[in-house]
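Residue-level structural notes
The residues making up each chain are set out below.
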Number of protein chains: 2
Amino acid sequence: MRVTVAVVNTCSSLGIGLAGFGTVGSGVWNTLERNGDLITGRTGGRIALHIAKILVRDPAKARATTSEVPADMFTTEWRALVEDPAVDIVVELIGGTTDAFDIVAAALRANKPVVTGNKALLAERGVELFAISREHQTPIHFEAAVAGGIPIIRTVQDSFIGNRIQSFSGIINGTSNFILGRMAEAGLSFQAALAEAQANGYAEADPTLDVNGWDAAHKAILLATLAYGFPIDASAIHVSGIEQVRPADIAFANNLGYVIKLLAVIREHPDHAVEIRVQPSFIAKSHILAAVHGVFNAVAVHGDAAGESLFYGRGAGQDPTASSVVADLVEAARSLGQVGGHRGFLPYRAAGQLLPVGQTSTAYYVRFDVTDRPGVIAEIARVLADHRIGISGTHSPVNPANPDAEFVDMVFLLHTCPFGQLQTALAEIETLDCVNSPPVVFRIEALT
Amino acid sequence: MRVTVAVVNTCSSLGIGLAGFGTVGSGVWNTLERNGDLITGRTGGRIALHIAKILVRDPAKARATTSEVPADMFTTEWRALVEDPAVDIVVELIGGTTDAFDIVAAALRANKPVVTGNKALLAERGVELFAISREHQTPIHFEAAVAGGIPIIRTVQDSFIGNRIQSFSGIINGTSNFILGRMAEAGLSFQAALAEAQANGYAEADPTLDVNGWDAAHKAILLATLAYGFPIDASAIHVSGIEQVRPADIAFANNLGYVIKLLAVIREHPDHAVEIRVQPSFIAKSHILAAVHGVFNAVAVHGDAAGESLFYGRGAGQDPTASSVVADLVEAARSLGQVGGHRGFLPYRAAGQLLPVGQTSTAYYVRFDVTDRPGVIAEIARVLADHRIGISGTHSPVNPANPDAEFVDMVFLLHTCPFGQLQTALAEIETLDCVNSPPVVFRIEALT
């Protein structure tokens, strides 16, 4: 039995061959299972996807998926995956640059679009693979290869297609950023912070490519290839990692107003020469990139039309990377030409439910224009209490120019309650003699 | 004579009809002129675009374009634009919801894809227009309608297609953000800050929709429609603007650790009811949205797979908005089906020039492991001087555990110079008796 993870509407469902079923592969399974119907709905019933075949080393291994994978979906032979007529699109998630190369090349030659998150493969052997892609007019999609769930590839390739890209500055290795952050916060040595990253699952057992800068360098090569369009020799890039950073360096930087980040810098010079380098770098604390903490990634892009932009999000992990793989799968489905080049048409469902504003809840700042006499706070507070609205503070700023003013502002900070409840209370407060005009209400947002 | 703004390679060039030729329209002209060849190159010669016809009120008016617009390209009659067989794609930039509606509807009925930046039109009459779009299987692209040069529409529509969107929190009206910023920085009243925004060209002569929250509300409706897919009645949205914010409110918020921003909040509740509101809101100073200053925009998105993401950039202005229009033009060209659903193939040019790392320049932090004796700084400084490298500071942190250590770290902060020049100097310094191991170099980046 096959698990069809998306409802088939007006389209035939496309079969996906997953080469590799580790963290990201399982994430793709789970995401399609959870949101496959949503994807089909959003594309106006044009696109449905299902996983048809999965390449694994050990079919008997336990899998951390939200539903059971039928045993007959597994194969241990990559040719069986690529050549399966039920497989329309191949997703390469095994890593490395040898078997992965063979799988991608074979899929392209079979005119099956490829989705991959393998930055090393594309940075080191992309020129060969893109040549095969072009020859067979079959695309390689690789959003997942750079910055996990951040759609930086599509942004550069599509959204900024009308821009000459002047520069990128990116924090694109979450492991290094986590380590540098822990060294800064807790004064840990590099080795201790690395061990903590490994204990938290933020660093591989072999963290070499993360800490020596090459993971970031591979991503930088892909960004530069997109922006400038010529093959880039990885050996010509200047790369150094964070192994030599010491807590004393971080403290010294801090005293000067800097933080140390592993930064990928790509810049086009006026003569069109392209600078690409990855190094530990001092950046001003006031710069927005200095606020990128933990395993988050961010890429600042400067385009000649768009100006300064920043893209921030989760640069790794099961679900964010699966988010990018799934977006590429939809793109690949479009490239198969069954569905036209355009998106679904909005709206894609007839009706939904808006939450009435009276039911929306936050904390509040409320400013009243009151007549200054004893008992004002008590009167307002009594009405709020009658309506079961908690007060976290009150304040009446004294106007220094007129300390004995008859009419003053009185501010109340209120606990979270539905806006409708607040409105009812405020309508009653407005009828008090001491309140001279409708109160002014701002929201206090608890943003995550 | 027609100005063909992109070299026609292996494709026929598509004709654009520009309805409206104000700030953004001129920006589209300039961007295509400047970067049209780049677009054609990046699409592997598949897409070329040229402006074929321009709808204006007054053809005699002087235009601020980087090249002269041929007089016979202008028309004052919108039907002449939409019906012109040389026009393949219609760009609607006239604003309003009446003539703009007629133009967009007529273009769709003529199977000409539409690109628009008109948020009011789509938020108020989008249901009608999207129905016509669906009926004629002809898309409306509207990246420019929300957040200028930030590709938030495409991100939600394509990159996050596999995500259930849990929330958006957005600063999506640059005028309001500028005004609130000036009130906070300079203690200006709302009226004074608005006047300053108008003097700087950051607010229209009639700023009503910007300051009363409705410009942001229109954008929020578009984001919610993309994420949740059902028609949204604008009259059901709770909207309040910044007119009632006073410097005293901002000062009070500041004392509590908050800033006041005009925030658009969209949130899906567990029962799938969607909350949409636009209000002045207290947000914690530590939140990344608090760092969005001036006319910049930012949208934080939380998707169930991608997790937390933030998209930041220029939310308005000629070039950023033109950047989004041009991206949509390329998308529209793809939807015309002449070019297949997929992107160009990488690399798209045979060769380019990498800047040798020796020629890349920044300031530097250099740490030496030295033998602590008199003359060490002088010896190192002499070599740096010989190589014409300026020193902005030196520092030798004393190890409190061992103040008389024989071997110590010595830090030099160096002025900007080419890395090659630094490397040559460091190679010489390494030969000094007092230097015990290769120095450690970090970059000091002057990020904009």
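Residues numbered from 1 in each chain as written. Chains lettered and ligands numbered in written order. Predicted model: local features only at pLDDT ≥ 70, side-chain atom pairs only at ≥ 80, totals over all residues.

**Notes on the interface of chain B and chain A**
Many analyses report the size of an interface as the accessible area lost when the parts associate. The cut-off we apply is this: Here, residues touch in the contact sense if the C-beta positions derived from the backbone fall within 7 Å of one another. Secondary structure elements follow DSSP: runs of H or I of four or more residues count as helices, runs of E of two or more count as strands, with numbering from the N terminus. Residue polarity is assigned by list, with Asp, Glu, Lys and Arg as charged and Ala, Val, Leu, Ile, Met, Phe, Trp, Tyr, Cys and Pro as nonpolar; anything else, Gly included, falls into the polar class. A pair of strands is labelled paired if DSSP reports no fewer than 2 bridges between them.
Contact residues are listed per partner, giving 109 residues for chain B and 110 residues for chain A. Examining the composition of the side of chain B that touches chain A, we find that 10 residues originate from one element, strand 10 (residues 274-284) of chain B, more than from any other. Counted by class, the side of chain B that touches chain A contains 56 nonpolar, 35 polar and 18 charged residues. For strand 16 (residues 440-444) of chain A and strand 10 of chain B, the ladder comprises two bridges, and the chain directions are parallel. Looking at the pairing, I444 of chain A lines up with F282 of chain B of strand 10 of chain B.

**A closer look at the packing of helix 5 (residues 152-159) of chain A against helix 5 (residues 152-159) of chain B**
What counts here: For every element, the axis is a line fit to its C-alpha atoms; helices are fit only across the contacting stretch, and the angle between N-to-C directions ranges from 0 to 180 degrees. Roughly parallel means an angle under 35 degrees; roughly antiparallel means over 145; roughly perpendicular covers 65 to 115; every other angle is labelled oblique. Should the near helix be turned anticlockwise from the far one by less than a right angle, the crossing is termed left-handed; should it be turned clockwise, right-handed.
One can describe the packing of helix 5 of chain A onto helix 5 of chain B by two numbers: an axis separation of 11 Å at closest approach and a directional angle of 120°. Taken as axis vectors, helix 5 of chain A and helix 5 of chain B run oblique relative to one another. Our pair here, helix 5 of chain A against helix 5 of chain B, has a crossing hand that is right-handed. Where helix 5 of chain A approaches helix 5 of chain B, its residues R154, D158 and S159 of chain A are matched on the opposing element by R154, D158 and S159 of chain B. Each residue belonging to the contact of helix 5 of chain A with helix 5 of chain B can be placed in one class, and the counts come to no nonpolar, two polar and four charged.

**What to know about the packing of helix 12 (residues 376-386) of chain A against helix 13 (residues 419-430) of chain A**
All names here are of chain A. Running from N to C, helix 12 and helix 13 cross one another at 145°; their axes reach a closest spacing of 9 Å. As helix 12 packs across helix 13, the resulting crossing turns out to be right-handed. Between helix 12 and helix 13, the residues in contact are I380, V383 and L384 and A425, E428 and I429, respectively. Tallied by class, residues from the contact of helix 12 with helix 13 come to five nonpolar, no polar and one charged.

**Digging into helix 7 (residues 190-199) of chain B**
Residue and element names in this part refer to chain B. Keep this limit in mind: Comment: burial labels come from other C-beta atoms within 10 Å of the residue's own C-beta, placed from the backbone, where a count of 20 or more is buried, 12 or fewer is exposed, and between is partly exposed. Each C-beta atom gives one direction from the helix axis, and the arc is the one those directions make.
Here helix 7 has its buried residues at A193, L194 and A197. Around the axis of helix 7, the buried residues are gathered within 100° of arc, so they sit on the same side. Seen from the buried face of helix 7, the exposed residues on the opposite side, beyond 90 degrees, are Q191 and A199. Just downstream of helix 7, G201 is the residue with a positive phi angle, here 75°.

**Details of the relation of the copies chain B and chain A**
Note the cut-off: When the copies are superposed, the least-squares fit draws on C-alpha atoms of residues that have pLDDT of at least 70 in both.
In screw terms, the move from chain B to chain A is a rotation of 180° and a rise of 0.0 Å along the axis, fitting with an RMSD of 0.1 Å. Read as a symmetry element, the transformation amounts to a two-fold axis. Taken together, the interface assignments show that 100% of the residues at the interface of chain B recur at the interface of chain A, consistent with an identical surface on both copies.

**Details of the domain arrangement of chain A**
All names here are of chain A. For the record, the criterion: For the domains described, the bounds stem from an automatic or database domain assignment.
Along its sequence, chain A is carved into domain 1 (13-148 + 319-335), domain 2 (153-315) and domain 3 (357-444). Relative to domain 2, the C-alpha centre of domain 1 lies at a distance of 27 Å. If you look at the interface, domain 1 gives 14 residues, while domain 2 gives 16 residues. If you tally residues by element for the side of domain 1 that touches domain 2, the top one is helix 4 (residues 119-135), at seven residues. Residues belonging to the side of domain 1 that touches domain 2 are distributed by class as follows: nine nonpolar, two polar and three charged.

**What about the sheet that holds strand 1 (residues 13-19) of chain B?**
All names here are of chain B. As summarised here, the arrangement of the six strands in space is 3-2-1-4-5-6, forming an open sheet in which the pairing is parallel. Looking along the sheet, the strands with just one partner apiece sit at the ends: strand 3 (74-75) and strand 6 (140-141). Pairing of strand 1 with strand 4 (residues 89-92), which is carried by four bridges, proceeds in the parallel orientation. Of the residues in strand 4, the one forming a bridge with I16 is I89. Those strands touched by helix 3 (residues 99-109) are strand 1, strand 4, strand 5 (114-116) and strand 6, and its axis lies near 165° from that of strand 4.

**Some details on the sheet that holds strand 1 (residues 13-19) of chain A**
Neighbouring strands of a sheet are bound in pairs by backbone hydrogen bonds; such pairs are parallel or else antiparallel. Residues and elements named next belong to chain A. Strand order in this open sheet of six strands is 3-2-1-4-5-6, and the pairing throughout is parallel. Sheet topology places strand 3 (74-75) and strand 6 (140-141) at the edges, where each strand pairs with a single neighbour. Here strand 5 (residues 114-116) runs beside strand 6; their pairing, made up of two bridges, is parallel. Within strand 6, the residue paired with V115 across the bridge is H141. This element, helix 1 (residues 23-42), spans strand 1, strand 2 (48-55) and strand 4 (89-92) of the sheet and lies at about 165° to strand 2. Helix 3 (residues 99-109) rests against strand 1, strand 4, strand 5 and strand 6 of the sheet, and its axis sits at about 165° to strand 4.

**Looking at the confidence of the model for chain A**
Residues and elements named next belong to chain A. As a reminder of what qualifies: On a scale of 0 to 100, pLDDT captures the predictor's confidence in every residue.
Within chain A, residue pLDDT values average 92, and 95% of them lie at 70 or more. Here residues 1-10 is modelled with pLDDT under 50, and outside its nearest four sequence neighbours on either side it reaches 30 contacts, counting other chains as well. Predicted complex, confidence summary: ipTM 0.92, pTM 0.92.

**A look at the environment of P59 of chain B**
Of note, P59 of chain B is situated in the loop between strand 2 (48-55) and strand 3. Through-space distance from the C-alpha of P59 of chain B to that of I250 of chain B is 47 Å; in sequence the pair is 191 residues apart.

**A word on the pairing of strand 11 (residues 296-303) of chain A**
Residues and elements named next belong to chain A. Burial analysis of strand 11 places eight of its eight residues in the buried class, the great majority of the element. Of the strand pairs in this sheet, strand 7 (residues 165-171) and strand 11 are connected by six bridges, and their pairing is antiparallel. Opposite S167, over in strand 11, you have H302 as the bridge partner. Sheet analysis places strand 11 next to strand 12 (residues 307-314), joined by eight bridges and oriented antiparallel. Note on strand 12: the bridge partner recorded for F296 is R314. The turn joining strand 11 and strand 12, which pair antiparallel and follow one another in sequence, is formed by three residues.

**Let's talk about unusual backbone geometry**
Positive phi, normally seen in glycine, also occurs at Q137 of chain A, with a value near 50°. Along the chain, Q137 of chain A turns up in the loop between helix 4 and strand 6. We note that N111 of chain B has phi near 60°; this positive angle belongs to a residue other than glycine. Examined against the element boundaries, N111 of chain B turns out to sit in the loop between helix 3 and strand 5.

**Observations regarding the environment of V301 of chain A**
Residues and elements named next belong to chain A. Along the chain, V301 falls in strand 11. In this structure the C-alpha to C-alpha distance between V301 and F168, which are 133 residues apart in sequence, comes to 4.6 Å. In this structure, V301 is in contact with F160, I165, F168 and S309, ignoring residues within four places of it in sequence.

**Concerning helix 3 of chain B**
All names here are of chain B. Buried within helix 3 are the following residues: A100, I103, V104, A107 and L108. Buried residues along helix 3 cover an arc of 125° about the axis, so they all sit on one side. Packed against the buried residues of helix 3 are strand 1, helix 2 (78-83), strand 4, strand 5, helix 4 (119-135) and strand 6. The first or second residue beyond helix 3 is N111, which carries a positive phi of 60°.

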